[in-house]
Amino acid sequence: VQLVESGGGLVQPGGSLRLSCVASGFTFSYYAMNWHRQAPGKERELVARISSGGGTTEYEDSVKGRFTISRDNAKNTVYLQMNSLKPEDTAVYYCYTVVDTVNHWGQGTQVTVSS
């Protein structure tokens, strides 16, 4: 299993970014996918989750209405569209899934929101 994130960077408050996570090594369409984030000095937290077929999504309260998780099963890719970014969204963002009871994480992509 391999998860490779991309799309992070430096953005001003109020700006937008789209993160991507390309998956390989398993049948992507069978599994739910998550985005998590970890800010400096804080624990890693769940940001958003999407079901295997994409029909069900969940969000952490602070990102509801600003972030959208989606997936393209034909491309083995999960996305996180982040709008109206705030300085408190600054963190390393990780793609995550559980395959056959084993946790799998990507390497993370840094998102920095600053003027």
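No experiment lies behind these values; they were computed from the predicted model shown. (Residues numbered from 1 in each chain as written. Predicted model: local features only at pLDDT ≥ 70, side-chain atom pairs only at ≥ 80, totals over all residues. Heavy atoms only, no water.)

**Q** Hey, could you run me through the state of the cysteines in this one?
**A** Disulfides are covalent bonds that connect the sulfur atoms of two cysteines. A full pass over the atoms with the stated rule returns one disulfide. At a sulfur-sulfur separation of 2.1 Å, the disulfide partner of Cys21 is Cys95. Since a negative S-S torsion denotes a left-handed disulfide, the Cys21-Cys95 link at about -85° is left-handed. Of the two residues, Cys21 sits in strand S3 (residues 17-24) while Cys95 sits in strand S9 (residues 91-99), which places them 74 residues apart along the sequence. Residues Cys21 and Cys95 agree in their burial class; the two are buried. (Disulfide = S-S within 2.5 Å. Helix = DSSP H or I, 4+ residues; strand = E, 2+ residues; numbered from the N terminus. Buried < 20%, exposed > 50% of the residue type's maximum accessible area, 1.4 Å probe, protein only.)

**Q** Sorry if this is basic, but what is going on with the packing of aromatic side chains here?
**A** Within a pair of aromatic rings, the relevant descriptors are the distance that separates the centres and the angle that separates the planes. The tally for this structure, following the rule as stated, stands at four aromatic pairs. Ring geometry for Phe26 against Phe28: centres 6.3 Å apart, planes inclined by 55°, an arrangement best described as tilted. Residues Phe26 and Phe28 agree in their burial class; the two are buried. Judged by centre distance (4.4 Å) and plane angle (45°), the ring pair of Tyr96 and Trp105 falls under tilted. With relative accessibility at 36%, the residue Trp105 sits in the partly exposed group. A connected cluster of aromatic rings, assembled from ring pairs, spans Phe26, Phe28 and Tyr31. Above the plane of the ring of Trp105 lies Arg44, whose end atom (NZ or CZ) is 4.4 Å from the centre. One residue, Arg71, lies across the ring of Phe28, its end atom 4.3 Å from the ring centre. (Phe/Tyr/Trp six-rings, centres within 6.5 Å; stacked < 30°, edge-to-face > 60°. Lys NZ or Arg CZ within 6 Å of the ring centre and 35° of its normal.)

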